[in-house]
Amino acid sequence: LIMFTPLVIIFFIILLSDSIFFKLLRKHFKTGTITKYLWFGQSAMSLLFIIIILSGITLNFISYETLFSLIFYILLTTIPKLAFLVYAVFAILPLTKLKKAGRISFLVGVVIALTNFLGLIYGRIKGVTDLEIIKEDIYSPKLPHSFDGFKIVQITDMHIGGLINYRSYLEDVISKINEQNPDIVLFTGDLVNSLNSEITPFIDILSKIESKYGVFTVMGNHDYGDYFQWETEDDKNDNLAAFKNTQKLIKWDMLDNESRFITKGNDTINIIGVENWGEPPFGQHGDLKEAMKDINQKNYSILLSHNPVHWREEVIPGTEIDITFSGHTHAMQFQIGSYSPSSHRYNEWAGIYTEGNQTLVVNNGIGYTLIPVRIGASPQIYVITLRTE
């Protein structure tokens, strides 16, 4: 029932949009039986793909790249038609029987549908690899002078199982990281979609990241394997253990509610990492108090925390941590100007935020999840240079 209900709902939405769209198409153009069969044939194809997606997820026989490709087909054949119907509905209302009104409405609908179609194509082919490097200086009187110019490179949300056909893109990401000559590299979670095996084809690439003081990483909500249908709890635990071992293999230092220290001369700064701390339905594994128990809180502190919600909920009210790095939102992989649907869910969803002496950096991420499209919300590398005032 859990699998069947969304299947029926999604299919009837597709079928309804196709029926209305075909009626409008037939009203304005000559269409025959072959056109009708072709038109509704792609509805049947969408139904087939939905069945494959839902059964593949349930029975664990579908790869992430195949899953995302099928989802993209459904989006590509459904969203433009739905967008068209919003604007073309006036063409079939009794109040718009005038031919001119109906024709104008139809043409507006066609333009909107075509815009959506081309936008999805762009987002799939170009948007997902349109890498953006953002360089900013962050000033703090608390930063020791010996750390003035300390360079941090942050990446996040790779969801690497979806990048199996984007090897050259990932190589370019690593190359651009190394070009920055970073002091440290921070990875703030969601390396995988669910499975440790997603990393295997890319171990040689990920191992090439270079920095003076190391690569530090934390867990994201996807890294726990919560979105996979495991046969047993032991299988899930084994996957998580393998995931953590792989971090060591690629020489990334995972901070599971832990801290590290970087020292220059007589000066020290703190590197703090918490496990995923998310609002429901995301798990709250992070323990900030545990992570900070061994640090000198008078030192300048850098925090890695996957979900930016953590910053306002715990970091600001309970600590004096100077700068926090997060990801998670992806800006919902859609941004036009300063607007993203993320703004309706998150107070801080992309960019750099400051409150008092505390700063938050929210990175769009490198990969994508569920919907294999990025429109406006480019993948990002953040290059943050710390400065004394």
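Above: the structure in question.
Read on for a plain summary of the structure. What you see is a predicted model; the values in this text were computed from it and never measured.

**Things to note about the overall build of the protein chain**
Thinking step 1. Along the backbone of the protein chain there are nine helices and 12 strands.
Thinking step 2. The proportion of buried residues among the 389 residues of the protein chain is 51%.

**Focus: the packing of aromatic side chains**
Thinking step 1. Under the defined criterion, the tally for this structure stands at eight aromatic pairs.
Thinking step 2. An angle of 70 degrees between the planes, with centres 5.4 Å apart, marks the rings of phenylalanine 68 and tyrosine 368 as edge-to-face. In this pair, phenylalanine 68 sits in helix α3 (residues 64–88) while tyrosine 368 sits in the loop between β11 (358–362) and β12 (380–387), placing the two residues 300 residues apart along the sequence.
Thinking step 3. On the basis of an interplanar angle of 35 degrees and a centroid distance of 6.0 Å, the ring pair of phenylalanine 150 and tyrosine 213 is categorised as tilted. On the criterion of sequence distance, the pair formed by phenylalanine 150 in strand β2 (residues 150–155) and tyrosine 213 in the loop between α6 (203–206) and β4 (215–217) is long-range, its members being 63 residues apart.

**Some words on helix α7 (residues 233–249)**
Thinking step 1. The end-to-end C-alpha distance of α7, which contains 17 residues, comes to 24 Å, matching closely the 24 Å that a straight helix rising 1.5 Å per residue would cover.
Thinking step 2. Turning to α7, its buried residues number three or more, namely Lys236, Asn239, Leu240, Phe243, Thr246 and Gln247. Along the long axis of α7, the arc covered by the buried residues comes to 120 degrees, so they all point the same way. More than 90 degrees from the buried face of α7, the exposed residues found are Asp234, Asp238, Lys248 and Leu249.
Thinking step 3. Residues of α7 that are buried in the fold lie against β4 and β5 (252–254).
Thinking step 4. After α7 finishes, the residue lysine 251 shows a positive phi value of roughly 65 degrees.

**Points about the nonpolar core**
Thinking step 1. The biggest cluster of nonpolar side chains holds 47 residues, and the ones touching the most others in it are Met158, Leu170, Ile177, Leu191, Leu206 and Ile381.
Thinking step 2. Among the elements that take part in this core, α3 stands out by supplying seven residues, more than any other.
Thinking step 3. Once residues lying within four places of it in the same chain are set aside, the contact partners of methionine 158 are Leu163, Leu170, Phe187, Asp190, Leu191, Leu206, Ile366, Gly367 and Tyr368.
Thinking step 4. Counting residues in each nonpolar core, the second largest holds 23 residues, with Ile134, Leu186, Ile262 and Ile384 among its members.

**A look at the environment of leucine 288**
Thinking step 1. Of note, leucine 288 is situated in helix α8 (residues 288–292).
Thinking step 2. Under the relative-accessibility criterion, leucine 288 is labelled buried at 6%.
Thinking step 3. Between the C-alpha atoms of leucine 288 and glutamate 314, which are 26 residues apart in sequence, the distance is 8.1 Å.
Thinking step 4. Apart from the residues within four sequence positions on either side, leucine 288 is in contact with Ile272, Val274, Leu303, His310, Glu314, Val315, Thr319 and Ile321.

**Structural notes on the sheet that holds strand β1 (residues 132–139)**
Thinking step 1. Pairing is mixed in the open sheet, where six strands are placed in the order β1-β12-β2-β3-β4-β5. Two strands in the sheet have a free side with no partner beyond their single neighbour: β1 and β5. The mean angle between the axes of side-by-side strands here comes to 25 degrees, regardless of whether they run parallel or antiparallel.
Thinking step 2. Bridge count between strand β3 (residues 184–187) and β4: three bridges; the pairing is parallel. The residue of β4 that forms the bridge with valine 185 is valine 215.

**Points about the pattern of salt bridges**
Side-chain pairing between opposite charges can occur once the charged atoms of the two side chains come close.
Thinking step 1. Under the defined criterion, the tally for this structure stands at 15 salt bridges.
Thinking step 2. When the shortest N-O distance is used, the salt bridge between arginine 345 and glutamate 279 registers 3.2 Å. On the criterion of sequence distance, the pair formed by arginine 345 in the loop between β9 (323–326) and β10 (351–355) and glutamate 279 in the loop between β7 (267–273) and α8 is long-range, its members being 66 residues apart.
Thinking step 3. A salt bridge links glutamate 290 to lysine 293; the shortest N-O distance between them is 2.8 Å.
Thinking step 4. For lysine 293, a relative accessible area of 54% corresponds to the exposed category.
Thinking step 5. Taken together, the shared-partner salt bridges in this structure form one network comprising Arg167, Glu171 and Asp204.

**Thoughts on the sheet that holds β7**
Within a sheet, neighbouring strands are paired by backbone hydrogen bonds and run either parallel or antiparallel to one another.
Thinking step 1. With mixed pairing, six strands are arranged side by side in an open sheet as β6-β7-β8-β9-β11-β10. Each edge of the open sheet carries a strand with a single partner, namely β6 (258–264) and β10. Along the sheet, successive strands turn relative to each other by an average axial angle of 20 degrees, direction set aside.

**Here we look at the environment of phenylalanine 228**
Thinking step 1. Summarising the element assignment, phenylalanine 228 is placed in the loop between β4 and α7.
Thinking step 2. Along the primary structure phenylalanine 228 and leucine 195 are separated by 33 residues, whereas in three dimensions their C-alpha atoms are 8.1 Å apart.
Thinking step 3. Here phenylalanine 228 is in contact with Asn60, Tyr64, Ser194 and Leu195, once residues within four sequence places are set aside.

**Points about the side chain of serine 378**
Thinking step 1. Note on placement: serine 378 falls in the loop between β11 and β12.
Thinking step 2. We classify serine 378 as buried; its relative accessible area is 14%.

Rules used in this analysis
- Residues numbered from 1 in each chain as written.
- Predicted model: local features only at pLDDT ≥ 70, side-chain atom pairs only at ≥ 80, totals over all residues.
- Heavy atoms only, no water.
- Helix = DSSP H or I, 4+ residues; strand = E, 2+ residues; numbered from the N terminus.
- Buried < 20%, exposed > 50% of the residue type's maximum accessible area, 1.4 Å probe, protein only.
- Phe/Tyr/Trp six-rings, centres within 6.5 Å; stacked < 30°, edge-to-face > 60°.
- Expected span 1.5 Å × (residues − 1).
- Arc of directions from axis to C-beta.
- Contact = heavy atoms within 4.5 Å.
- Core = buried A, V, L, I, M, F, W, Y, C linked by side-chain atoms within 4.5 Å.
- Pairing = 2+ DSSP bridges.
- Axes fitted to C-alpha atoms, helices over the stretch in contact; angles between N-to-C directions.
- Salt bridge = Lys/Arg side-chain N within 4 Å of Asp/Glu carboxyl O.

Just geometry here; none of it tells us what the structure is for.
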